[in-house]
Amino acid sequence: MGVRPAPALVTLNEEDDLMTARRKRAVPAAILTGLLALTACGGGSGSGSGDGDGDVSMTFWHNSTTGDGKAYWEDMVAQFEEANPGVTIEVQAIQNEDMDGKLQTALNSGDAPDIFMARGGGKLADVVAAGQAKDLTDLISDDVTSEVGDAAFSPFTIDDKVYGMPVSVLPGGIYYSKDLFAQAGITEAPTTMDDLSDAVTTLKAAGIDPIALGAKDAWPAAHWYYFFALRECAQDTMTESATSKDFSDPCWLKAGEDLEEFAGTEPFNNGFLTTTAQQGAGSSAGLLANHQAAMELMGAWEPGVVSSLTPDEQPLSDLGWFPFPAVDGGEGGDGAMMGGVDGYSCSVNAPDACADFLNFVLSKENQEAYADAFQTLPANKEAQGVVTDPALQEVLAAYNDAPYVQVWLDTLYGANVGNALNAGVVDLLAGQGDPQGIVDAVSSAAAKE
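Because the structure is predicted, anything quoted here is derived from the model rather than measured.

A. Representation of the side chain of T376. Secondary-structure assignment places T376 in the loop between α16 (364–374) and β13 (377–378). Looking at T376, its side chain comes within polar contact range of the main-chain oxygen of A300, at 3.0 Å. Excluding anything up to four places from it in sequence, T376 contacts S168, V169, L170, A300, W301, Y370, A371, V387 and L392.

Shown next, in the form of C-alpha cells:
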C-alpha cells in the first residue's frame, strides 16, 4: 500500500518520552470541562455539522448493542453534551461482526461517522492511506498521554502520527470453567500443548465439550492459528512480516501444521463451523457461559461477553484464565502474548470536538467506569486498579510480565491479507484446505497490495 503499518509489537517495558514531546496540548484535569466546552463549541470544518452559531453535531459508531456497555456509551455522551452546551452526538450501536463491513462502506462513500471504532494496525493504516482518518497527534491531552502510555498508543501510530485513542487493552488467552475442570478431575491449568491435549481427552471422557469455537465468524477460528504462530515464530520474524508481508519462514507453515494436528483431536463443540462467537446462548461465548463447553480462546473482552450470556446475566463465578500453552521447539518468546486494543478514531473531516470527547472518555474516572461496564482491562493505567475479576487479574499480571505483545494478525496485516488468513484457517478446519493453503492464500493476498 506504500504506507508503513502501525508497529507490529507493543513492548510493555520500553515506554519513552518521544510521543509525550509530540503531544503538547495540555488539558489539566481541573479545567478540563471548561476547556472542552470552549473547544467543542468552536465549530469546525469537518463532517460534524454546525448551525453557524458554534453548535456542533457529530455521529458516533460503537459495537456495544446491549446491557451495561451500551448504557456506558449513552451515559458518556450525555455527560459530555451536558458539560459542552451546543455539542450533540448521535449514537449508533452496531453488532461487532457487522462493524467492519458497514464502516468500510461508509468510509468509501464519504459518509463516515465522525467517531468510529478502530483497532489500529494495518486496517487503520489502510484508512489513513486513503485519507479518511484525522491526525490526532496534537489533540491528545497531556493527562491522557501520561496515564495511557505509549505502548497502548502504538497500534494507532503510523509514520509517527497518532490516528486513534485506545480505550481498552485486550490480550488473549484461554478462558475456562473451573467447575467443569473439577468435574472432569483436572486440577491444574495446561501449560504445554501436551497438557492441553490431555485436558481435551479427559473432558471428552467426562462427557464435556472441551472447547467452544465460533468459527462461523471466522476470526475466532483464526485466533488458533495466530497463537500457534506466536509460539512458533521468533519475535524478529513477526516484526519483519508486518512490513515485508513475507511468509516464507518455515514457522508460518509449522503453525498451520500444529493447528491441523490439534484439530485432529476433535476438541471443538459439535457444529463449531456454524456457531457464532457472541450472539446468544448458542454462541461459543454462550456455551462457556452456560457450562456447555469448558474453554474458549478469546481476548480480554470475554468476561464481559460471558456475563451477558449467563442465565442471570451476572459474571461467571468459576471463570478462570491461562496463557496459550507452549509448543515444543517454538522460537517465540517465553511468555509472549497476542492481543490488541479497542479504540476510536475520528474521520478526517471531524471537528476537534471528536478528540475532546475521546480525551473525556479516557480520563481515569471514566476509564474506571468503562472497566466496570465492560468487565475488561482499561487502557488508562491509572484506572486498572479497579479490575477485581480474578480471571482479568491473571490476564493483567501476564500482560505486564510479557516480553512483548503481538497485535492480532488480521488487524496487523490489514483487511485484504487478514481476511485471506482467516478464511484459510476456516477452510483447514472444515477439511477443505491444508497448512500450505493458509500460507499460499496469505502470500497471494499480500502480493496484490
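Once you've had a look at it, read on.
B. How the structure looks around the state of the cysteines. This structure, assessed with the given rule, holds 2 disulfides. Each sulfur of the disulfide joining C233 and C251 lies 2.1 Å from the other. Sign of the S-S torsion, about 95 degrees for the bond between C233 and C251, identifies this disulfide as right-handed. Taken together, the residues C233 in the loop between α10 (219–232) and α11 (235–244) and C251 in helix α12 (residues 250–263) connect sequence positions 18 residues apart. C251 matches C233 in its accessibility class, with the two residues each being buried. What pairs with C346 in a disulfide is C354, and their sulfur atoms sit 2.0 Å apart. The sign of the -95 degrees torsion about the S-S bond sets the C346-C354 disulfide as left-handed. Exposure remark for C346: the relative accessible area of 0% places this residue in the buried category. For C354, a relative accessible area of 0% gives the class buried. By sequence-ordered numbering of the bonded cysteines, the protein has its disulfides arranged as 1-2, 3-4.

C. Summary view of the sheet that holds strand β8 (residues 173–177). The strand order β9-β8-β10 describes an open sheet built from 3 strands, whose pairing is antiparallel. The sheet terminates laterally at β9 (295–298) and β10 (319–322), the two strands that pair on one side only. This sheet shows a mean twist of 30 degrees between the axes of neighbouring strands, independent of strand direction. Relative to β10, β8 is paired through 4 bridges, and the arrangement is antiparallel. When the sheet's bridge partners are listed, Y175 is paired in β10 with W321. Sitting on the sheet, α10 is in contact with β8 and β9, with an inclination near 80 degrees to β9.

D. Just the pattern of salt bridges, in detail. All chains considered together, the criterion is met by 6 salt bridges. One salt bridge in this structure joins D258 and K254, with 2.7 Å as the shortest N-O distance. Of the two residues, D258 and K254 are both situated in helix α12; the distance of 4 residues between them amounts to about one turn of the helix. A residue is classified by how much of its surface remains accessible, and D258, at 9% relative accessible area, is buried. For K254, a relative accessible area of 33% translates into the label partly exposed. A network of salt bridges, in which partner residues are shared, links E232, K254 and D258.

E. View of helix α19 (residues 415–429). For α19, spanning 15 residues, the distance from its first C-alpha to its last is 21 Å, which sits close to the expected 21 Å at 1.5 Å a residue. All buried positions along α19 are accounted for by V417, G418, A420, L421, N422, G424, V425, V426, L428 and L429. Note on α19: the residue one or two positions beyond its end, G431, has a positive phi of about 80 degrees.

F. How the structure looks around a negative patch on the surface. A cluster of like negative charges, contributed by E188, D194, D195, D198, E257, E260, E261, D328, D434 and D440, occupies part of the molecular surface. Contributions of two or more residues to the negative patch are made by α9 (193–205) and α12. As for its position among the elements, D434 is in the loop between α19 and α20 (435–447). Residue D434 is classed as partly exposed on the basis of its relative accessible area of 39%.

G. Up close: the packing of aromatic side chains. Counted according to the given criterion, the structure contains 25 aromatic pairs. The interplanar angle of 75 degrees and the centroid separation of 5.0 Å between the aromatic rings of Y72 and W73 together place this pair among those described as edge-to-face. By relative accessible area, which is 5% here, Y72 ends up buried. Connected via pairs of aromatic rings, a cluster forms that spans W219, W224, F227, F228, F262, F268, F272, W301, F324 and W408.

H. Molecular detail of the packing of helix α3 (residues 67–83) against α16. In contact at an axis separation of 8 Å, α3 and α16 are set at 160 degrees when each is read in the N-to-C sense. Judged by the inter-axis angle, α3 sits roughly antiparallel to α16. Considering the relative orientation of α3 and α16, their crossing is right-handed. Contact residues: α3 offers D68, G69, Y72, W73, M76 and Q79, while α16 offers N366, A369, Y370, A373 and F374. Counted by class, the contact of α3 with α16 contains 7 nonpolar, 3 polar and 1 charged residues.

I. Structural view of the environment of I158. Within the fold, I158 resides in strand β5 (residues 157–158). We classify I158 as buried; its relative accessible area is 1%. Spatially, the C-alpha atom of I158 lies 9.0 Å from that of G120, the residues being 38 residues apart in sequence.

J. Region of interest: the side chain of T276. Position of T276 relative to the elements: it lies in the loop between α12 and α13 (284–289). The class of T276 is buried, set by a relative accessible area of 17%. Beyond its immediate chain neighbours, meaning those up to four positions away, T276 contacts G214, K216, D217, S283 and S284.

K. Just helix α17 (residues 390–401), in detail. Taking 1.5 Å as the rise per residue, α17 with 12 residues should run 16 Å; its terminal C-alpha atoms sit 17 Å apart, in good agreement. Among the residues of α17, A391, L392, V395, L396, A398 and Y399 are the ones counted as buried. End-on view of α17: buried residues confined to an arc of 165 degrees, all on one side of the axis. In this structure D389 caps α17, since a side-chain oxygen of it lies 3.0 Å from the backbone nitrogen of A391.

What counts, and at which threshold
- Residues numbered from 1 in each chain as written.
- Predicted model: local features only at pLDDT ≥ 70, side-chain atom pairs only at ≥ 80, totals over all residues.
- Heavy atoms only, no water.
- Helix = DSSP H or I, 4+ residues; strand = E, 2+ residues; numbered from the N terminus.
- Polar contact = N/O pair within 3.5 Å; in protein donor to acceptor, adjacent residues only side chain to side chain.
- Contact = heavy atoms within 4.5 Å.
- Disulfide = S-S within 2.5 Å.
- Buried < 20%, exposed > 50% of the residue type's maximum accessible area, 1.4 Å probe, protein only.
- Pairing = 2+ DSSP bridges.
- Axes fitted to C-alpha atoms, helices over the stretch in contact; angles between N-to-C directions.
- Salt bridge = Lys/Arg side-chain N within 4 Å of Asp/Glu carboxyl O.
- Expected span 1.5 Å × (residues − 1).
- Patch = residues over 30% accessible without salt bridge, like charges linked within 9 Å, V, L, I, M, F, W, Y side chains within 5 Å.
- Areas by Shrake-Rupley, 256 points an atom, 1.4 Å probe, with all protein chains shown as cover.
- Lys, Arg positive; Asp, Glu negative; His and termini not counted.
- Charge placed at Lys NZ, Arg CZ, Asp CG, Glu CD.
- Phe/Tyr/Trp six-rings, centres within 6.5 Å; stacked < 30°, edge-to-face > 60°.
- Parallel < 35°, antiparallel > 145°, perpendicular 65-115°, else oblique.
- Left-handed = near helix turned anticlockwise from the far one by under 90°.
- Nonpolar A, V, L, I, M, F, W, Y, C, P; charged D, E, K, R; others polar.
- Arc of directions from axis to C-beta.

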